[in-house]
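Architecture and fold: a report
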Amino acid sequence: MREKIAGLARRWQSAYRSTSIQMILSASFTAVAVLGMVFMGLTLFLRFSATSNAQQSENSQRVLAQVNLNLDSYLRSMMRVSDAAYYHVIKDLDLAEEDPSSELELLYESNRDSLVSIALFSQEGRLLAASPMGVLKNSVSPERESWFTAATERIENLHFSTPHVQNLFDDPDYRYRWVVSLSRYTELTWDGSTQGGVLLVDMSFAGIEQICKDVDLSASGGYLYLTDDAGELIYHPRQQLIYAGLLEENNRAAAAYTDGTHTETFNGEHRQVTVKTVGYTGWKLVSVVPAEELLDNYGQLMLFFLFIVLFSVFLLIFVNLRLSEWITAPVKKLDRAVKELEAGVQQVDFDVGGPYEVEHLSHSIRSMVSTMRHLMADIVQQEAEKRRSELDVLQSQINPHFLYNTLDSVVWMTENGRTEEATVMLTSLARLFRISLSRGSNIIPIADELEHARNYLTIQKMRYKNKFSAVIEAEEGVEKLYTIKLIVQPILENAIYHGMAYADGDGEIRISARREGDDVVIDVTDNGPGMPEEVVERLLDPDAPRANTNSKGSGIGLRNVHQRIQLSFGRRYGLTIHSEPDAGTRVQIRLPALEKVPDQGKEGKP
């Protein structure tokens, strides 16, 4: 398979190399034009499709609006019957003395075309009045019916049931009619006192069925059905087949749709579904139009579009063959040379030959590349020198007051006869400066850096008359690793000036060094007064205003250490300060774990 692909590629390359620029440009122009026509044709086709779908959706919405209007009128008539029975008959009677049966019978007779029965029940389910039939079946318990419980549980609303066979009353003709029950909670007057009851109006389902059946969506192959708010079918043109399990409908999902048009896939069929909510009931009118019906008129349009495209391609090829001259090979060679330059190749051949313009361009690029490389070499050298200078400057920015105060303390001790203390201080000072010099090396073992910190703390503890104690500890093996020098002492200086200057002998500074994977972490912790968050954020901010570098606790030492570490090892390393008022301060130094001394000429990551 690979050999076939390689052979095909070689044939294609051979054909490409032997093809004139005229053919290449002609093919390119033709391809662009064809793509433009295809894009425009597809745009028009999709526009036509969207318009057709929108028209069908609008048509379905108009049909549903008309059906909803008819259903609304039908339901309103039932609601008027219920209102008339309640407000004009039942509410004005004392049922202990008067019987509303005659008035209910009059209401029934005036609406018998759409009514099956009207009945009034007590809160316990006892029949108080009914028309036209007034005898309940012995096996019936009205208080257990869904329409009864819905009315008593939600007394402020009218309640419409799903279609069901009415079997409450003994019918001498043994007729079993399909009805939709409208029930409501009523207040009944009985011997001067008020109690609850339920008014039931059974409307004939045939009226609703006729309204839905009269809808004609056959022109688009669609149909309409009606569900309640839970998805139970109220009307469907194939309702019997669905109940028999021979057909399925997506009525449960449709009941959850919002009003409007939706697309769905049900049983592998793409459909356009339009939903409309019937007022007062929460019922859903749903129209369904199969997507295949919407695409019937697209076939002829597609054939016409293909014919236009093929004819245009033939015409464009014929015209474009007359529009070009050769120029491809030198340009491609020059392009490959530029890509090699972008990839970092040092020796790039820009002698491409070809027409004067292309050859002149190749000479210009070659000259530009040569100039660019010289400039880059100069910039790299200047940056290296600048970096070394910055490190030297940062390292040299050590508070001069420390040396002055230490020597002043030695003079004072000598004059007062405290020669042993003066000797200890001078010895520590000498060791401190010996490590600071480090024979000119900027990279020293961590053991030397901790020793430098120990000597510094010895001097400061004597100067501050042992106001604080200090502990230095290092994990095994860490002291053999290497670090840039003089990174702990500026942090100790900051801790003493800010945290220990006012201590009463209970101050403590702790230095700990440990290894974390490929990093070394040195923590300098004090139990001083700490700092607020805004001060902590400003200490390492390079853009923050800098205080006098000769003042105590100016923060320049911390900032210098942070910058020296990042200049040497990258922005991943440096200082992190954790401090809160009255909770002390912890400064964490993060360094790479250097197991040997890197090149002293230019510090960096080993």
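Residues numbered from 1 in each chain as written. Predicted model: local features only at pLDDT ≥ 70, side-chain atom pairs only at ≥ 80, totals over all residues. Heavy atoms only, no water.

1. Observations concerning the overall build of the protein chain
The following threshold applies: Segments assigned H or I by DSSP are reported as helices when at least four residues long, segments assigned E as strands when at least two residues long, and all are numbered from the N terminus. Throughout, exposure labels follow a simple rule: accessible area from a 1.4 Å probe, protein chains only, divided by the maximum for the residue type, with under 20% read as buried, over 50% as exposed, and the rest as partly exposed. A contact between two residues is defined here by any heavy atoms of the two lying within 4.5 Å. Each accessible area value is a Shrake-Rupley result obtained with a 1.4 Å probe; residue values ignore everything except the protein chains displayed when judging cover.
Within the protein chain, the regular secondary structure consists of 17 helices and 18 strands. Expressed as a percentage of its 606 residues, the buried residues of the protein chain come to 42%. The long-range share in the protein chain, meaning contacts at least 24 apart out of those at least 6 apart in sequence, stands at 64%. Carbon and sulfur atoms make up 54% of the accessible area of the protein chain, which totals about 34600 Å².

2. Considering helix 5 (residues 205-213)
The cut-off we apply is this: It is the directions from the helix axis to the C-beta atoms whose arc is reported. A 3.5 Å cut-off defines polar contacts: any pair of N or O atoms within that distance qualifies, except that in protein one atom must be a possible hydrogen donor and the other a possible acceptor, and neighbouring residues in sequence count only when both atoms are side-chain atoms.
Here helix 5 has its buried residues at Phe205, Ile208, Ile211 and Cys212. The arc enclosing the buried residues of helix 5, seen along the axis, measures out at 125 degrees, which places them on a common side. Regarding helix 5, its N-cap is Ser204, as a side-chain oxygen of that residue lies 3.2 Å from the backbone nitrogen of Ala206 further along.

3. Considering the pattern of salt bridges
The line we're drawing: Just to be clear on terms, a salt bridge is a Lys or Arg side-chain nitrogen sitting within 4 Å of an Asp or Glu carboxyl oxygen.
Taken as a whole, this structure holds 20 salt bridges when the rule is applied. We note a salt bridge from Lys284 to Asp259, for which the minimum N-O separation is 4.0 Å. Of this pair, Lys284 sits in strand 11 (residues 284-290) while Asp259 sits in the loop between helix 7 (251-255) and strand 9 (260-266), and the two are 25 residues apart along the sequence. Owing to a relative accessible area of 42%, Asp259 belongs among the partly exposed residues under this scheme.

4. Details of the sheet that holds strand 16 (residues 519-526)
For the record, the criterion: Strands are labelled as partners when DSSP assigns at least two bridges between them. In this analysis an axis means a line fitted to C-alpha atoms, helices contributing only their contacting stretch, and an angle means the value between N-to-C directions, from 0 to 180 degrees.
Spatially, 13-15-16-18-17 is the arrangement adopted by the five strands of the open sheet, whose pairing is mixed. This sheet does not close on itself; its edge strands, each paired only once, are strand 13 (468-474) and strand 17 (574-579). On average, adjacent strands in this sheet sit at an angle of 15 degrees to one another, irrespective of strand direction. Two strands pair when backbone bridges link them, and strand 16 and strand 18 (residues 585-592) are joined in this way by eight bridges, in the antiparallel orientation. Along strand 18, the bridge assignment pairs Val520 with Leu591. Of the strands in this sheet, strand 13, strand 15 (507-516), strand 16, strand 17 and strand 18 are in contact with helix 15 (residues 489-500), which crosses strand 15 at around 150 degrees.

5. Here's the deal with a nonpolar patch on the surface
This is how it is decided: Residues with no salt bridge and a relative accessible area higher than 30% make up the patches, which join like charges within 9 Å and nonpolar side chains (Val, Leu, Ile, Met, Phe, Trp, Tyr) within 5 Å.
Taken together, the side chains of Leu403, Leu407, Leu426 and Phe433 present a nonpolar region at the surface, about 310 Å² in accessible area. Taken together, the elements giving at least two residues each to the nonpolar patch come down to helix 12 (401-415) and helix 13 (419-437). One can find Leu403 in helix 12. Looking at Leu403, the relative accessible area reads 36%, which means it is partly exposed.

6. Here we look at the side chain of Ser183
The residue Ser183 is located in strand 5 (residues 178-190) in this model. Within the structure, the side chain of Ser183 is placed 2.9 Å from the backbone oxygen of Trp147, a separation counted as a polar contact. In contact with Ser183, not counting residues within four places along its chain, are Trp147, Ala151, Asn157, Leu158, His159, Val198, Leu199 and Leu200.

7. Thoughts on the sheet that holds strand 11
Here we have five strands laid out as an open sheet, ordered 8-7-11-10-9, and antiparallel in their pairing. The sheet is open, and its two edges are formed by strand 8 (233-235) and strand 9, each paired on a single side. Taken pair by pair, the neighbouring strands of this sheet meet at an average axis angle of 35 degrees, ignoring direction. Relative to strand 8, strand 7 (residues 223-227) runs antiparallel, the two being bridged by two bridges. Its bridge partner being in strand 8, Leu226 is matched across the sheet by Tyr235.

8. A closer look at the pairing of strand 5
Of the strand pairs in this sheet, strand 3 (residues 159-160) and strand 5 are connected by two bridges, and their pairing is antiparallel. Looking at strand 5, one finds that His159 is bridged to Ser183. Bridging between strand 4 (residues 164-165) and strand 5 involves two bridges; their strand directions are antiparallel. Each residue of the ladder has a partner; that of His164, found in strand 5, is Val179. Sheet analysis places strand 5 next to strand 6 (residues 193-204), joined by twelve bridges and oriented antiparallel. Bridged to Ser181 within strand 6 is Asp202. Joining the antiparallel neighbours strand 5 and strand 6 is a turn of two residues, in which Asp191 adopts a positive phi near 55 degrees.

9. Concerning the side chain of Asp523
Among the secondary structure elements, Asp523 is positioned in strand 16. Excluding residues within four positions of it along the chain, Asp523 makes contact with Arg510, Ile511, Ser512, Arg514, Arg586, Val587 and Gln588.

10. Re the nonpolar core
Here is the rule we go by: As used in this record, nonpolar core signifies buried Ala, Val, Leu, Ile, Met, Phe, Trp, Tyr and Cys residues forming a set joined through side-chain atoms within 4.5 Å.
Residues Val488, Leu492, Ile509, Ile511, Ile565, Leu575 and Ile589 are the most contacted members of the largest nonpolar core, which totals 50 residues. Residue contacts for Ile589: discarding those within four places in its chain leaves Ile487, Val488, Ile491, Val520, Val521, Ile522, Ile565, Gly574 and Leu575.

11. Describing helix 13
Spelled out, the test is: To estimate how far a helix should extend, the number of its residues minus one is multiplied by 1.5 Å.
A rise of 1.5 Å per residue sets the reference length of helix 13, with its 19 residues, at 27 Å; its end C-alpha atoms lie 27 Å apart and thus fit the reference within 8%. Residues of helix 13 that are buried include every one of Ala422, Met425, Ser428, Leu429, Leu432, Ile435 and Ser436, and no others. All buried residues of helix 13 project into a common sector of 160 degrees when viewed along the axis, lining one side. Turned more than 90 degrees from where helix 13 packs its buried face, Glu420, Arg434 and Leu437 sit exposed.

12. Let's talk about the packing of aromatic side chains
What counts is decided by this rule: Any two of the Phe, Tyr and Trp rings considered here, Trp counted by its six-membered ring, make a pair once their centres fall within 6.5 Å; the pair's planes then place it as stacked at under 30 degrees, edge-to-face at over 60, or tilted in between. Think of it as a cone above the ring: NZ of Lys or CZ of Arg counts as a charge over the ring if it is within 6 Å of the ring centre and within 35 degrees of the ring normal.
Considering all chains together, one arrives at six aromatic pairs under this definition. With a centroid separation of 5.6 Å and 45 degrees between ring planes, the pair formed by Phe121 and Trp147 is classed as tilted. Here Phe121 is found in strand 1 (residues 115-122), whereas its partner Trp147 is found in helix 4 (residues 146-153), with 26 residues between them in sequence. This pair shows no difference in class: Phe121 is buried, exactly as Trp147 is. A network of ring pairs unites the aromatic residues Phe121, Trp147 and Phe148 as a single cluster. Cation over ring: Arg126 sits above Trp190, and NZ or CZ is 5.6 Å from the ring centre. A cation over an aromatic ring shows up here: Arg238 above the ring of Tyr223, its NZ or CZ 6.0 Å from the ring centre.

13. Some words on the environment of Lys333
With respect to the helices and strands, the residue Lys333 is situated in helix 10 (residues 328-342). Each C-alpha atom of the pair Lys333 and Ser362 lies 9.9 Å from the other, and the pair is 29 residues apart in sequence.

Take it as geometry only, folks, not as evidence of what the structure does.
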